[in-house]
Amino acid sequence: MREETYQIDNVEPVLILGFQDQHLKKIDAAYPDSKITARGSTIKISGPDKDCKELLEIFNELERMAVHNEDLTESDLETVLALKHSDRKTEKPNPLHDTRVTGDFILNTHTGEAITAKTPGQKKILKAAAANDIVFTIGPAGTGKTYTSVALAVKALKERKVKKIVLARPAVEAGETLGFLPGDLREKIDPYLRPLYDALEDMIEYDRLEMHLAKNSIEIAPLAYMRGRTLNNAFVILDEAQNTTNMQMKMFLTRIGFNSKAIITGDITQTDLPHKQKSGLISIQKILKDIDGISFVYLDENDVVRHKLVRDIIEAYDKYENKKNKKS
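Here is what the cut-offs are and how they apply
- Residues numbered from 1 in each chain as written.
- Predicted model: local features only at pLDDT ≥ 70, side-chain atom pairs only at ≥ 80, totals over all residues.
- Heavy atoms only, no water.
- Buried < 20%, exposed > 50% of the residue type's maximum accessible area, 1.4 Å probe, protein only.
- Helix = DSSP H or I, 4+ residues; strand = E, 2+ residues; numbered from the N terminus.
- Pairing = 2+ DSSP bridges.
- Right-handed = clockwise from strand over helix to strand, strands pointing away.
- Contact = heavy atoms within 4.5 Å.
- Salt bridge = Lys/Arg side-chain N within 4 Å of Asp/Glu carboxyl O.
- Axes fitted to C-alpha atoms, helices over the stretch in contact; angles between N-to-C directions.
- Phe/Tyr/Trp six-rings, centres within 6.5 Å; stacked < 30°, edge-to-face > 60°.

Undergrad: Any details on the pairing of strand 10 (residues 261-266)? Residues and values, ideally.
TA: Taking burial as the measure, the six residues of strand 10 include five buried ones, the bulk of the element. In this structure, strand 6 (residues 134-138) lies alongside strand 10, joined through five bridges in parallel fashion. From the neighbouring strand, F136 faces strand 10, where its bridge partner is I264. Across four bridges, the pairing between strand 9 (residues 234-238) and strand 10 is parallel. Looking at strand 10, one finds that I237 is bridged to I263. Crossover connection from strand 9 via helix 10 (residues 246-253) to parallel strand 10: handedness right-handed.

Put into structure tokens, the structure is as follows:
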């Protein structure tokens, strides 16, 4: 058994401990083999070595988040605990340690916050992207597939490893029927490309992002606009790829030119394709599985970094689908 003390120095203790110690009680419940007590701004921990080490890291991360956000929500707490749980379950290095030293650091946001690979699956994306020109990242919602991929693209552009970023998404559905929507082209497609803008706006300050968009060094477009092009010296991302047909997937992959990288992201459990239309992301796993330079990274509920309920929802759907498949 080991004893440790954590001192809350930079924020009001209630932010970390929660109203009537609700946060502390949740942390304590997550570590049944350890005892955690708090008096004022001092937290005392006693328990196994591994628990004590993790709890110190958790409190340090919670305080860092509270300082940065000037608040600490229950969702923030659940995310930190979920990451730690995922880290222990997969026996991977702790995602709360100094990522600059271990290589999990990607880049800083325009406000100075570090963007890192936070889960084992996200770390696999980094490793695969470093070693391959084409990477498929397949997994459920909330696992950071798009965000991590966009961060890698922005990093490559900032380091001048590529001349441009191209972000593509199937619009609405695989047929990309935009004509019935009101407004000009940008007004029609922006709602479907909004998640890509959101990620970029985190990483690049507004004026600079607008400059990149105006100069076309960052291009965000529906997948249909990739036809007939060759993309050289580019970092290309196809998001929501589960909504591509086999022909659209082939069209996209054959756009990739010299000194280019591509990441294709998607969730094969959430396709919006018409009935009986097979997803190109499902087929491609068999078609390209043995080609050097192409890597497939699979993420699961252990990589979810959103609200704890997202993980629970994914697990519930998996159980339901498995049960349904066994009956049929």
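Right, picking up where we left off after that structure.
Undergrad: Could you give an account of the side chain of S149, naming the residues involved and the relevant values?
TA: Here S149 shows up in helix 7 (residues 145-158). Given a relative accessible area of 0%, S149 falls into the buried group. When sequence neighbours within four positions are dropped, the list of residues in contact with S149 reads F235, I237, I263 and T265.

Undergrad: Describe the environment of A117, and please don't skip the residues or the numbers.
TA: Relative to the helices and strands, A117 resides in the loop between strand 5 (114-116) and helix 6 (120-131). With 31 residues separating them along the chain, A117 and T148 place their C-alpha atoms 7.2 Å apart.

Undergrad: How would you sum up the pattern of salt bridges? Please name residues and give values.
TA: For the coordinates displayed, the defined rule picks out 13 salt bridges. In this structure, the salt-bridge partner of E159 is K161, at a minimum N-O distance of 3.1 Å. Judged by relative accessible area, E159 falls into the partly exposed class, the value being 39%. The exposure class assigned to K161 is exposed, which follows from its relative accessible area of 53%.

Undergrad: How would you explain the sheet that holds strand 8 (residues 218-222) if you had to name every residue and give the values?
TA: One key point about sheets: their strands pair by backbone hydrogen bonds, in either a parallel or an antiparallel sense. Ordered in space as 8-7-9-10-6-11, the six strands form an open sheet in which the pairing is parallel. Edge positions in the sheet fall to strand 8 and strand 11 (294-298), since each of these pairs with one other strand and no more. Direction aside, neighbouring strands of the sheet carry axes that sit 15 degrees apart on average. In the sheet, strand 7 (residues 164-169) pairs with strand 8 via five bridges, with the strands oriented parallel. In the strand pairing of strand 8, A168 is matched with A221. Its contacts with the sheet place helix 6 against strand 6, strand 10 and strand 11, and it is angled at close to 175 degrees to strand 11. Packing against the sheet, helix 7 makes contact with strand 6, strand 7, strand 8, strand 9 and strand 10, and its axis sits at approximately 170 degrees to strand 9.

Undergrad: With reference to specific residues and values, describe the packing of aromatic side chains.
TA: All chains considered together, the criterion is met by three aromatic pairs. Both rings, one in F296 and one in Y298, keep their centres 6.5 Å apart while their planes meet at 15 degrees; by these two values the pair is stacked. With relative accessibility at 42%, the residue Y298 sits in the partly exposed group. Three or more aromatic residues joined by ring pairs form one cluster here, namely F136, F296 and Y298.

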